[in-house]
Amino acid sequence: MKKEKIYKEPIKAETETTINILYSENKLSIYTNKVPLQKQLVKILGEPAKEHKIKRSIAGSTWEIPLDNKSKISKMILKANIFEL
């Protein structure tokens with residue numbers, strides 16, 4: 001039985017998503033504390049590299065994708081509602 005994850009909804013003014021290209025490590029790093037986006041990214045990219053927790057609730061998640069994994073990066077840009085369009 002898969003345990004249901006509990007996400008902590010951030011204060012609206014503190015909602016953030018950061019995408020960094022770490023050239024020296026050859027990877028794309030994505031952090032978000034936006035709950036709907038975290039759920040989308042789990043479906044698209046799989047489990048995050050790190051889940052930032054407050055007690056038992058997930059307050060934010062970080063994914064790290066190798067820059068040479070172009071198909072995963074393209075899929076994320078096309079399918080995830082990062083820009084809220």
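Procedures and definitions
- Residues numbered from 1 in each chain as written.
- Predicted model: local features only at pLDDT ≥ 70, side-chain atom pairs only at ≥ 80, totals over all residues.
- Heavy atoms only, no water.
- Pairing = 2+ DSSP bridges.
- Helix = DSSP H or I, 4+ residues; strand = E, 2+ residues; numbered from the N terminus.
- Axes fitted to C-alpha atoms, helices over the stretch in contact; angles between N-to-C directions.
- Left-handed = near helix turned anticlockwise from the far one by under 90°.
- Contact = heavy atoms within 4.5 Å.
- Nonpolar A, V, L, I, M, F, W, Y, C, P; charged D, E, K, R; others polar.
- Salt bridge = Lys/Arg side-chain N within 4 Å of Asp/Glu carboxyl O.
- Buried < 20%, exposed > 50% of the residue type's maximum accessible area, 1.4 Å probe, protein only.

### Quick look at the sheet that holds strand β2 (residues 27–32)
Across the sheet, four strands lie side by side as β1-β2-β4-β3; this open sheet has antiparallel pairing. Either end of the sheet is taken by a strand with one partner, and the two such strands are β1 (17–22) and β3 (50–54). In this sheet, neighbouring strand axes are inclined to one another by 15° on average, regardless of whether the strands run parallel or antiparallel. Bridge count between β2 and strand β4 (residues 57–66): six bridges; the pairing is antiparallel. Bridge assignment links Ser29 to a residue of β4, and that residue is Glu64.

### Comments concerning the packing of helix α1 (residues 35–45) against helix α2 (residues 70–79)
Running from amino to carboxyl end, α1 crosses α2 at an angle of 145°, the nearest separation of the two axes being 10 Å. In this structure, α1 meets α2 at a crossing whose hand is right-handed. In contact with Gln40, Leu41, Ile44 and Leu45 of α1, α2 contributes Lys72, Lys75, Met76 and Lys79. Looking at the contact of α1 with α2, its residues break down into four nonpolar, one polar and three charged.

### Considering the pairing of β3
Both β3 and β4 contribute to a ladder of five bridges, which runs antiparallel. By the bridge assignment, Lys53 is partnered in β4 with Ile58. In sequence, β3 turns back onto β4 through a hairpin of two residues, with Lys55 there showing a positive phi of about 55°.

### Observations concerning the pattern of salt bridges
Opposite charge on two side chains lets them pair, provided their charged atoms get close. The final tally for this structure, using the stated rule, is four salt bridges. For Lys5, the salt bridge is made with Glu51, and the minimal N-O distance between the two is 2.6 Å. Of this pair, Lys5 sits in the segment before β1 while Glu51 sits in strand β3, placing them 46 residues apart in sequence. The salt bridge partner of Glu64 is Lys27, with a shortest N-O separation of 3.0 Å. On the criterion of sequence distance, the pair formed by Glu64 in strand β4 and Lys27 in strand β2 is long-range, its members being 37 residues apart. The exposure class assigned to Lys27 is buried, which follows from its relative accessible area of 17%. Each member of the salt-bridge network shares a partner with another, and the members are Lys5, Glu47 and Glu51.

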